[in-house]
Amino acid sequence: MMLSDPDGVAHLYVHLPFCASRCGYCAFVVEVGQEHQRDAYLDALLMELERERVVLGPLDTVYLGGGTPSLMGADRLAKLLAAIGPLLAPGAEVSMEANPETVDEALLDAIVNGGVTRLSLGVQSSRPHLLGVLDRRATPDDAARAVALARAAGIGALSVDLILAVPGQSPDDLAADLEWVSDAAPDHVSWYELEFKEGSAIARGNLAPPDEDMATDLYLAAVDGLEAAGYRWYELANFARPGAECRHSLAYWAASDYLGIGVGAVSTIAPRRWRNAPGIDRYTVALAAGDAPVRTHEELDADTRRRERWMLGTRVDADLDVAWAGPPDRPAALVMLEAEGLIETAPGTVRLTRRGRLLQNAVVQKLMDFA
Ligand SMILES: C[S@@+](CC[C@H](N)C(=O)[O-])C[C@H]1O[C@@H](n2cnc3c(N)ncnc32)[C@H](O)[C@@H]1O
Ligand code: SF4
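Residues numbered from 1 in each chain as written. Chains lettered and ligands numbered in written order. Predicted model: local features only at pLDDT ≥ 70, side-chain atom pairs only at ≥ 80, totals over all residues. Heavy atoms only, no water.

### Quick word on the packing of aromatic side chains
In total, this model carries 6 aromatic pairs according to the counting rule given. For the ring pair tyrosine 234 and tryptophan 253, a centre distance of 6.1 Å and an interplane angle of 65 degrees mean the geometry is edge-to-face. Of this pair, tyrosine 234 sits in strand 9 (residues 232–235) while tryptophan 253 sits in helix 9 (residues 247–253), and the two are 19 residues apart along the sequence. Across the pair, exposure class does not vary: tyrosine 234 and tryptophan 253 are buried alike. (Phe/Tyr/Trp six-rings, centres within 6.5 Å; stacked < 30°, edge-to-face > 60°. Helix = DSSP H or I, 4+ residues; strand = E, 2+ residues; numbered from the N terminus. Buried < 20%, exposed > 50% of the residue type's maximum accessible area, 1.4 Å probe, protein only.)

Following this line, the structure appears as structure tokens:
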């Protein structure tokens, strides 16, 4: 295969889909009630890694995502990490997602010994009534306990996921989340606006999202509060203490190549993108038979890649290098957006203003022709 990076792909995503239940807002590829399949799944994952490792160079970042990776248990995670270890470059970042109620000392010891450098805890809210709306299993006490255990186990970089614009969320609820962050003192915060994803229980139900103005106010309160606490708003939904940015996510936003393994995992090795089909059974059966998983393939043409570079590159708080990204489809829109105070331009670069970042998607849609 022709690689776009001659040294090989430096970023690996591993999908671990098991969940104890499906949260009402979640539309990710997850498997509920399938824990008996974990051994077979791990075997299949290792086979897929073995099949695909020819495209890999020394890995700069690895991300174990889910699903609920922590539900794999200490021994299986240790086995997976032992297979990945020899592929890592010196100083590699190895992230893993975990749900607070599934974290204990044995699990944390196993992953720290296995090379995990960064833990992302799915806290989502500090408010019991909002955790109820989100169908979360963890209580605020579980989250606080998981943070303390992670620190005691020597996790180098701790991140928490939070969600804003949850139905019923008030500015006081958001202030309580900020206080929670200040007490827990993570190195990194991902604070996503709740999306009513098609097919999710919340989208089918009768709860209304907060109106747009309220959602914007909550978003701004999160940005202001985290900045005041010393976090940099380095990406639309991500905040980091200096040096604690997620390198794996930065690679996505830089449109770098990555390999994804596991059910539902996506890989992009330009000019190709492929997606493994969901469904553990067909995944394990295909790999046990020595075949590739069932996949859909897409060829990425130059225009698609150029538009993706604009969509991804304007998410981060850095100048977009137009020579790298390629020209916008509607250059005249640059003048209009700058006059509206949404972007700033300099020779060869474009940057979104703070106001522009709140409207990033709309700004990029003005510049580019998406199909
Ligand atoms: C793929 S999930 C897996 C993490 C882990 N299982 C958990 O739930 O904490 C990663 C993150 O995506 C976010 N997320 C999932 N669905 C979302 C939605 N519909 N809207 C906004 N954020 C969402 C949550 O914050 C979650 O922690
Ligand atoms: S949000 Fe996390 S725990 Fe909930 S169903 Fe999705 S992946 Fe599983």
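### Some words on the site of ligand 1
Around ligand 1, the structure places 17 residues, and the nearest of them are Gly67, Gln124, Arg136, Asp161 and Glu195. Within the side chain of arginine 136, a nitrogen or oxygen atom sits 2.8 Å from an oxygen atom of ligand 1. For ligand 1, whose unbound accessible area comes to 550 Å², protein coverage reaches 92%. Elements represented by at least two residues in the shell around ligand 1 include exactly strand 6 (118–124), strand 7 (157–164) and strand 8 (188–193). Classifying every residue of the shell around ligand 1 by side-chain character gives 5 nonpolar, 6 polar and 6 charged. (Near = heavy atom within 4 Å. Polar contact = N/O pair within 3.5 Å; in protein donor to acceptor, adjacent residues only side chain to side chain. Areas by Shrake-Rupley, 256 points an atom, 1.4 Å probe, with all protein chains shown as cover. Nonpolar A, V, L, I, M, F, W, Y, C, P; charged D, E, K, R; others polar.)

### Describing the pattern of salt bridges
Here the idea is simple: oppositely charged side chains can pair when their charged atoms come close. Tallied over the full model, the rule gives 22 salt bridges. The partner of arginine 53 in a salt bridge is glutamate 50, and the shortest N-O contact between them spans 3.6 Å. Assessed through its relative accessible area of 51%, glutamate 50 is described here as exposed. A salt bridge links arginine 127 to aspartate 173; the shortest N-O distance between them is 2.8 Å. (Salt bridge = Lys/Arg side-chain N within 4 Å of Asp/Glu carboxyl O.)

### Notes on the pairing of strand 17 (residues 349–352)
Across the two faces of strand 17 the burial differs, with Val350 and Leu352 buried and Thr349 and Arg351 not buried at all. For strand 15 (residues 320–321) and strand 17, the ladder comprises 2 bridges, and the chain directions are antiparallel. Bridged to aspartate 321 within strand 17 is threonine 349. In sequence, strand 16 (residues 343–346) turns back onto strand 17 through a hairpin of 2 residues, with glycine 348 there showing a positive phi of about 85 degrees. (Pairing = 2+ DSSP bridges.)

### Thoughts on the sheet that holds strand 11 (residues 259–261)
Strand order across the open sheet formed by 9 strands is 9-10-8-7-6-5-4-1-11, with mixed pairing between neighbours. The open sheet terminates on both sides in strands that have one partner only, identified here as strand 9 and strand 11. Across the sheet, the mean angle from the axis of one strand to that of its neighbour is 20 degrees, orientation sign disregarded. In the sheet, strand 8 pairs with strand 10 (residues 238–240) via 3 bridges, with the strands oriented antiparallel. Note on strand 10: the bridge partner recorded for valine 189 is phenylalanine 239. (Axes fitted to C-alpha atoms, helices over the stretch in contact; angles between N-to-C directions.)

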